Amino acid sequence: MTSESASQSISPGRTDDIPPSFDERTILTTVLDYARNTVHAKCAGLSDADARRAPLPGSPLMTISGLVSHLRWVESAWIEATLLGGAIDAPWTDEDPDREFRIAVEVPLTQLLDEYRATCTRHNELVASLDLDTPSRGDLGWRAEPVTLRWILFHLTEETARHNGHLDILRELADGVRGR
């Protein structure tokens, strides 16, 4: 597939995953933004009722709304808390570590998507001036050595892309729409 035909296969309003230049930072941020935009494409036109539906009997928290909420909070945890060493007012607790999934079904999908977009925009601004080798300042809990901004951007791409696969399946189960 040529880059022209690949670009033509992208849904209207979606950005392309081919970066304007091929330096490492541009590749990392372009592909992450593409994965983030895919979340919005997968949710386009979906009703709140369908976004709140948990169609998998063994996974009662697996909803489209829950995944959007989760992605928003994962972004904040990695960028604001882990990388920058700040505090976030995350919804999860020790008693309810999946609370961001649970409370999302009470929030309109458009609000969840708007919050996710605003979070991603803020994070792009927060890291724009940082070197890719910038070490994390927050506590990782599972590792003594810091991770780098480079690793966090790559990890957020992986996390978002993995959950886009879940969104794809949930969307098809919700209303039959595929391949956004």
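Treat the numbers as computed from the prediction; the structure is a model and nothing was measured.

Cut-offs applied
Residues numbered from 1 in each chain as written. Predicted model: local features only at pLDDT ≥ 70, side-chain atom pairs only at ≥ 80, totals over all residues. Heavy atoms only, no water. Helix = DSSP H or I, 4+ residues; strand = E, 2+ residues; numbered from the N terminus. Expected span 1.5 Å × (residues − 1). Buried < 20%, exposed > 50% of the residue type's maximum accessible area, 1.4 Å probe, protein only. Arc of directions from axis to C-beta. 1 Å grid on protein atoms, 1.4 Å probe; cavity = no way out; pocket = protein on both sides within 12 Å on 5 of 7 lines; lining within 4 Å. Points joined across faces, edges and corners; volume = space filled by probe spheres on them. Nonpolar A, V, L, I, M, F, W, Y, C, P; charged D, E, K, R; others polar. Phe/Tyr/Trp six-rings, centres within 6.5 Å; stacked < 30°, edge-to-face > 60°. Salt bridge = Lys/Arg side-chain N within 4 Å of Asp/Glu carboxyl O. Core = buried A, V, L, I, M, F, W, Y, C linked by side-chain atoms within 4.5 Å. Contact = heavy atoms within 4.5 Å. Patch = residues over 30% accessible without salt bridge, like charges linked within 9 Å, V, L, I, M, F, W, Y side chains within 5 Å. Areas by Shrake-Rupley, 256 points an atom, 1.4 Å probe, with all protein chains shown as cover. pLDDT = per-residue confidence, 0-100.

1. As for helix H2 (residues 24–43)
For step 1, the next point in the chain: Relative to the 28 Å expected for 20 residues at 1.5 Å per residue, H2 spans 29 Å between its end C-alpha atoms, a close match to the ideal helical length.
For step 2, the next point in the chain: In terms of burial, H2 is a largely internal element, 14 of the 20 residues being buried.

2. Remarks on helix H6 (residues 109–127)
For step 1, the next point in the chain: Over its 19 residues, H6 runs 27 Å from end to end, which matches the ideal 27 Å to within 8%, given 1.5 Å per residue.
For step 2, the next point in the chain: Looking at H6, one finds that the buried residues are Leu 109, Leu 112, Leu 113, Tyr 116, Thr 119, Cys 120, His 123 and Val 127. Buried residues in H6, looked at end-on, bunch into an arc of 125°, giving them a common side. Away from its buried face by more than 90 degrees, H6 exposes Thr 110, Asp 114 and Glu 125.

3. Things to note about empty space enclosed by the protein
For step 1, the next point in the chain: Across all of its chains, the model carries 1 cavity of 30 Å³ or more by this definition.
For step 2, the next point in the chain: Taken as a whole, the largest cavity holds about 40 Å³ of empty space.
For step 3, the next point in the chain: Lining the largest cavity, in full, are Asp 50, Arg 53, Pro 55, Ile 64, Leu 170, Leu 173 and Ala 174.
For step 4, the next point in the chain: Counting residues per element, the lining of the largest cavity draws most heavily on helix H7 (residues 149–175), at 3 residues.
For step 5, the next point in the chain: When the residues that make up the lining of the largest cavity are grouped by side-chain class, the tally is 5 nonpolar, no polar and 2 charged.

4. Remarks on the packing of aromatic side chains
For step 1, the next point in the chain: Considering all chains together, one arrives at 3 aromatic pairs under this definition.
For step 2, the next point in the chain: An aromatic cluster of three or more residues is present, and its members are Trp 78, Trp 142 and Trp 151.

5. A word on the pattern of salt bridges
For step 1, the next point in the chain: Applying the stated rule across the entire model yields 12 salt bridges.
For step 2, the next point in the chain: With a shortest N-O distance of 2.9 Å, Glu 75 and Arg 36 are connected by a salt bridge. Linking Glu 75 in helix H4 (residues 64–83) with Arg 36 in helix H2, this pair joins segments that are 39 residues apart in sequence. Of the two residues, Glu 75 and Arg 36, neither departs from the other in class, the shared state being buried.
For step 3, the next point in the chain: For Arg 162, the salt bridge identified is with Glu 159, shortest N-O distance 2.9 Å. In this pair, Arg 162 and Glu 159 both sit in helix H7, 3 residues apart, roughly one turn of the helix.
For step 4, the next point in the chain: Assessed through its relative accessible area of 8%, Glu 159 is described here as buried.

6. Focus: the nonpolar core
For step 1, the next point in the chain: Among the nonpolar cores identified, the biggest contains 20 residues, and Val 39, Ile 64, Val 68 and Leu 109 are the most heavily contacted of them.
For step 2, the next point in the chain: Secondary structure elements with two or more residues in this core: H2, H4, helix H5 (99–104), H6 and H7.
For step 3, the next point in the chain: With 5 residues, the single largest contributor to this core is H6.
For step 4, the next point in the chain: Setting aside chain neighbours within four positions, we find Val 68 in contact with Val 39, Cys 43, Leu 109, Leu 112, Leu 113 and Tyr 116.
For step 5, the next point in the chain: Residues Trp 78, Ile 79, Leu 140 and Leu 156 belong to the second largest nonpolar core, which totals 14 residues.

7. Regarding a nonpolar patch on the surface
For step 1, the next point in the chain: Side chains of Ile 18, Phe 22, Ile 27 and Val 31 sit close together on the surface and give an oily, nonpolar patch of about 330 Å² of accessible area.
For step 2, the next point in the chain: Of note, Ile 27 is situated in helix H2.

8. Points about the confidence of the model for the chain
For step 1, the next point in the chain: Looking at the chain, the pLDDT average stands at 91 and 91% of residues meet or exceed 70.
For step 2, the next point in the chain: Counting interchain partners and residues more than four positions distant, the pLDDT-below-50 stretch residues 1–10 has 6 contacts.

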